[in-house]
Amino acid sequence: MKEKTIILETPRLLLQTWTEDDLESLYALYQHPDTLKFYHNKPLTLPQAQRLLNELIEHQKKHGFSLWACQLKLTQQIIGFAGFMTLEDNLGIDLGYHFTRLVWGQGFATEAAKHCLNYGFNNLSFERVLAMTNPNNQASKRVLIKIGMIFQKQIIYKNKPFDLYQIDKNYPG
Ligand SMILES: CC(C)(COP(=O)(O)OP(=O)(O)OC[C@H]1O[C@@H](n2cnc3c(N)ncnc32)[C@H](O)[C@@H]1OP(=O)(O)O)[C@@H](O)C(=O)NCCC(=O)NCCS
């Protein structure tokens, strides 16, 4: 067992760093078609999940933050992830989240994202956080609005259209 670091705690979740032992958990998050609708389209293969896991571990090492594994306190299962990644071209810090289909609609994304924002502003000294979502991803947009992020404009990122949301430390929504 590799050592995990708990980054932050919410009422129902522990957000922690990924380790090499988490491959199956990460892989499982990308199998249900509903969870893939707005990006990968096809279930992730194990090698793809391994590459993503490596990327998340490396991002944590390099930047001190990443998309953290969300462990349900009740069962100790990893049910999703939430946190931050750096965007290309120095665009800024992107808030992201993803939860297993089984737990949708129970407020987990909102709970995790809200605590991530607080952590980002208070512990990581972020001044501004962005979030990009597929314009048709109504659940994701609802989460962003619930945590106080404000729609800015539609943008093209990596040749795909996104709705861009923003929240500033000093001017929270
Ligand atoms: C987006 C996602 C993380 C939301 O997770 P969740 O735990 O179900 O989110 P919450 O329960 O905190 O909130 C979801 C909100 O969206 C609403 N919602 C869900 N589907 C909706 C739809 N089709 N249209 C409008 N609102 C919708 C819910 O009613 C809820 O709002 P409410 O509390 O006002 O009722 C989840 O759907 C997911 O993992 N999707 C796949 C990955 C993904 O798209 N990530 C975002 C990439 S930008």
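Look up: the structure comes first, before these words.
Here we summarise the structure given alongside this text. Being a predicted model, the structure only gives us computed values, none of them experimental.

### Points about the overall build of the protein chain
- A count of helices and strands for the protein chain gives five helices and eight strands.
- Since a compact globule built from 173 residues should have a radius of gyration of about 16 Å, the 15 Å found for the protein chain is in line with a globular shape.
- Principal-axis analysis of the C-alpha atoms gives the protein chain an extent of 40 × 35 × 35 Å.
- Counting across all 173 residues of the protein chain, residues that qualify as buried make up 28%.
- Pairs at least 24 residues apart make up 50% of the contacts formed inside the protein chain by residues separated by at least 6 positions.

### Overview of the pairing of strand 4 (residues 78-86)
- Counting buried residues along strand 4, seven of its nine residues qualify, which places the element largely inside the surrounding structure.
- Pairing analysis gives five bridges linking strand 3 (residues 67-72) to strand 4, with the strands arranged antiparallel. Bridge pairing in strand 4 links Ala-69 to Phe-81.
- Taking the residues between adjacent antiparallel strands as the criterion, strand 3 and strand 4 are bridged by five residues, where Gln-76 takes a positive phi near 70 degrees.
- With seven bridges connecting them, strand 4 and strand 5 (residues 93-99) associate as antiparallel partners.

### A short note on the site of the ligand
- Around the ligand, the surrounding shell holds 19 residues, and the nearest of these are Ala-109, Thr-110, Gln-138, Ala-139 and Arg-142.
- Mapped by element, the contributors of at least two residues to the shell around the ligand are strand 5, helix 4 (108-122) and helix 5 (138-146).
- Broken down by element, the residue count for the shell around the ligand peaks at five residues, all from helix 5.
- Here the residues of the shell around the ligand sort into eight nonpolar, 10 polar and one charged.

Parameters and conventions
Residues numbered from 1 in each chain as written. Predicted model: local features only at pLDDT ≥ 70, side-chain atom pairs only at ≥ 80, totals over all residues. Helix = DSSP H or I, 4+ residues; strand = E, 2+ residues; numbered from the N terminus. Rg over C-alpha atoms; globule rule 2.2 N^0.38 Å. Buried ≥ 20, exposed ≤ 12 C-beta atoms within 10 Å, placed from the backbone. Contact = placed C-beta atoms within 7 Å. Pairing = 2+ DSSP bridges. Near = placed C-beta within 6 Å. Nonpolar A, V, L, I, M, F, W, Y, C, P; charged D, E, K, R; others polar.

Read these as geometric descriptors, not functional statements.
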